[in-house]
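Notes for the structure review
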Amino acid sequence: MSKIKILCILILLLFFKIGNAQFHTLKIPQLSNEVKEQQRLGVTDIIISYCSPTVNNRDVWNDTNVIPQEGEPIPWRAGANMNTTIEFSTDVIIEGMALKKGKYGFHIIPKSNNVYTLLFAHNNNLWGSYYLDIDKDITLSIDVNSEESPFSEKLDYEFFDWKANSVTIGLEWADRRIPFEVKVDINKTVVESFRSELRGINTYHWQAWNDAATWCLNHNTNIEEALQWAERSINGGYGGFAANKNFSNLNTKARLLKRLKKDKDFKAVVNDIESIYSSPGEAFQFGRELLNFKEYESALDFAIKARKKFSDTWFLAINEGLARYFLGNTEEAISIIEEVISKAPQHYHNRFNTVVKEMKAGIYKIPN
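The structure displayed is predicted, hence computed values, not measured ones.

Focus: the overall build of the protein
Summing up its helical and strand segments, the protein has twelve helices and ten strands in all. In terms of C-alpha radius of gyration, the protein reaches 31 Å, well past the compact-globule figure of 21 Å for 368 residues. C-alpha extents for the protein along the principal axes are approximately 95 × 50 × 35 Å. The buried share of the protein, taken over its 368 residues, is 46%. Looking at the protein alone, contacts between residues at least 24 apart form 56% of all its contacts between residues at least 6 apart.

Encoded structure:
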């Protein structure tokens, strides 16, 4: 029987069923239940909607009444009932091939030797695959190899092999899995997301601007714009609305300026921080930042002032000792660290004794 005749029979059967159906809004249990899987990769939302058939003692991967083979007479809908859909909220890369953000109908063509062609169709609202036009509807077509998997009575989609910028999605049914990798440009997608979100309700929250700037700093991307975001966190928006100058966003700004090698502006921010920090923890944190920046003279000056401000806090002496060591005053440094040992809780002693030994040997380095 020809492909056209088979397709006509399928269409007639479908219309017969529809003609005798009662259209209403009652929820009636279906053999192939509707499923929606949603996961987030970075800031990219991935949503898969499908109907899940059961194996029901069938050889599903070889029964052509269940899964058409070689695209004859049609591709497989990768589920049941309506075509499976997969939606990406940002641009993605599927098995090395670029795919624009959007919602796609998902269809599969089984081939020989466990090879499967995955079809992503911009026409995403079809009943099954009956009306899929492979020449006109397909945005992306890729071939992947299937693999064995633990038995699954119900067809489902699993997300696994997670990495910072990629995840593998696997259609699993019976004893087989069809996997494909989804990858994103994490820096590009996150920065674009920040730009969009910071125009909404987050524009009124200094924390959002600061967190966006900090993320860029930690990932060494978009540094110039991140500096603008840090300044927005500090100075607020139009007319200074929602301004909030504090230790956190000043510290972020200082780190960004140092990354950009804007030393003059960096020193001005150090002065701002000296006038605004309000706790021993903040003093210790920024003192350590100065040491990491190799701003040893500034670190020493900052540490001395912090110790005077919080004279009963033992751990602030650590930064002073380290600053003196890196400025070449090893004896003074060791004396200060030994003083720290006499005041610190017992569980810190071994670490500080090691620091003293390394200072005496001239090999001490600040841990990353």
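Section: the sheet that holds strand β8 (residues 138-145)
Remark on secondary structure: sheet strands pair via backbone hydrogen bonds, oriented parallel or antiparallel. Strand order in the open sheet formed by six strands is β1-β2-β3-β6-β7-β8, with antiparallel pairing between adjacent strands. Of all strands in the sheet, those bounded by a partner on one side alone are β1 (33-41) and β8. Taken pair by pair, the neighbouring strands of this sheet meet at an average axis angle of 25 degrees, ignoring direction. Bridge count for β1 against strand β2 (residues 44-52) is nine bridges, and the pairing is antiparallel. Considered in β2, the bridge of Lys36 is made with Ser49.

Quick word on the pairing of strand β10 (residues 166-183)
The buried fraction of β10 is high, at 15 of 18 residues. The pairing of strand β4 (residues 92-94) with β10 spans two bridges and is antiparallel. Residue pairing in the sheet places Ile93 in a bridge with Lys183 of β10. Judged from the eight bridges that link them, strand β9 (residues 147-160) and β10 form a sheet pairing that is antiparallel.

Considerations on the pattern of salt bridges
Scanning all chains against the criterion turns up 22 salt bridges. Notably, a salt bridge pairs Glu147 with Arg177, separated by 2.7 Å at the nearest N-O pair. Of this pair, Glu147 sits in strand β9 while Arg177 sits in strand β10, and the two are 30 residues apart along the sequence. Taking the relative accessible area as the measure of exposure, Arg177 reaches 15% and is therefore buried. The residue Asp301 makes a salt bridge to Lys305 at a minimum N-O spacing of 3.1 Å. Within this pair, Asp301 and its partner Lys305 are both found in helix α9 (residues 296-309), separated by four residues, close to a single helical turn. Overlapping salt bridges, with partners in common, bring together Arg307, Glu320, Arg324, Glu332, Glu339 and Lys343 in one network.

Some points on unusual backbone geometry
For the peptide bond that leads from Glu72 to Pro73, omega is 0 degrees, which places it in the cis range. Structurally, Pro73 can be placed in the loop between β2 and β3 (80-88). Notably, Asn56 is not glycine yet its phi reads approximately 55 degrees, a positive angle. Considering the arrangement of structural elements, one finds Asn56 in the loop between β2 and β3. Positive phi outside glycine occurs at Lys294, with the angle close to 65 degrees. Positionally, Lys294 belongs in the loop between α8 (280-292) and α9. The class for Lys294 is exposed, based on a relative accessible area of 61%.

So, the environment of Ala208
By secondary structure assignment, the location of Ala208 is in helix α4 (residues 206-218). When the C-alpha atoms of Ala208 and Phe241 are compared, they prove to be 14 Å apart, with 33 residues separating the residues in sequence. Those residues in contact with Ala208, other than ones at most four positions away along the chain, are Leu198 and Asn202.

Notes on the packing of aromatic side chains
Enumeration over the complete set of coordinates arrives at 26 aromatic pairs. Between the aromatic rings of Phe284 and Phe315, the centroid separation amounts to 5.6 Å while the plane-to-plane angle is 90 degrees, which identifies the pairing as edge-to-face. Residue Phe284 is found in helix α8, and its partner Phe315 is found in the loop between α9 and α10 (316-326); the two are separated by 31 residues along the sequence. Using a relative accessible area of 23% as the deciding quantity, one classes Phe284 as partly exposed. Geometrically, the ring pair formed by Trp314 and Phe315 is edge-to-face, given 5.8 Å between the ring centres and 90 degrees between the ring planes.

Regarding a nonpolar patch on the surface
A surface patch of nonpolar side chains, about 260 Å² in accessible area, is lined by Met82, Trp127 and Tyr131. Relative to the helices and strands, Trp127 resides in the loop between β7 (115-121) and α2 (134-137). Taking relative accessible area as the criterion, Trp127 reaches 32% and is therefore assigned partly exposed.

Quick word on the packing of α10 against helix α11 (residues 330-343)
Put simply, α10 and α11 touch, their axes get as near as 7 Å, and they point 160 degrees apart. The orientation of α10 with respect to α11, classified from their angle, is roughly antiparallel. For α10 against α11, the interelement crossing comes out left-handed. Listed contacts from α11 to Ala317, Ile318, Glu320, Gly321, Arg324 and Tyr325 of α10 are Thr330, Glu332, Ala333, Ile336, Ile337 and Val340. By residue class, the composition of the contact of α10 with α11 is seven nonpolar, two polar and three charged.

Focus on the confidence of the model for the protein
Taken over all residues, the pLDDT of the protein has a mean of 93, while the share at 70 or more is 94%. When the criterion is pLDDT under 50, residues 10-19 qualifies, and its contacts beyond four places in sequence or with other chains add up to six contacts.

Here is what the cut-offs are and how they apply
Residues numbered from 1 in each chain as written. Predicted model: local features only at pLDDT ≥ 70, side-chain atom pairs only at ≥ 80, totals over all residues. Heavy atoms only, no water. Helix = DSSP H or I, 4+ residues; strand = E, 2+ residues; numbered from the N terminus. Rg over C-alpha atoms; globule rule 2.2 N^0.38 Å. Buried < 20%, exposed > 50% of the residue type's maximum accessible area, 1.4 Å probe, protein only. Contact = heavy atoms within 4.5 Å. Pairing = 2+ DSSP bridges. Axes fitted to C-alpha atoms, helices over the stretch in contact; angles between N-to-C directions. Salt bridge = Lys/Arg side-chain N within 4 Å of Asp/Glu carboxyl O. Phe/Tyr/Trp six-rings, centres within 6.5 Å; stacked < 30°, edge-to-face > 60°. Patch = residues over 30% accessible without salt bridge, like charges linked within 9 Å, V, L, I, M, F, W, Y side chains within 5 Å. Areas by Shrake-Rupley, 256 points an atom, 1.4 Å probe, with all protein chains shown as cover. Parallel < 35°, antiparallel > 145°, perpendicular 65-115°, else oblique. Left-handed = near helix turned anticlockwise from the far one by under 90°. Nonpolar A, V, L, I, M, F, W, Y, C, P; charged D, E, K, R; others polar. pLDDT = per-residue confidence, 0-100.

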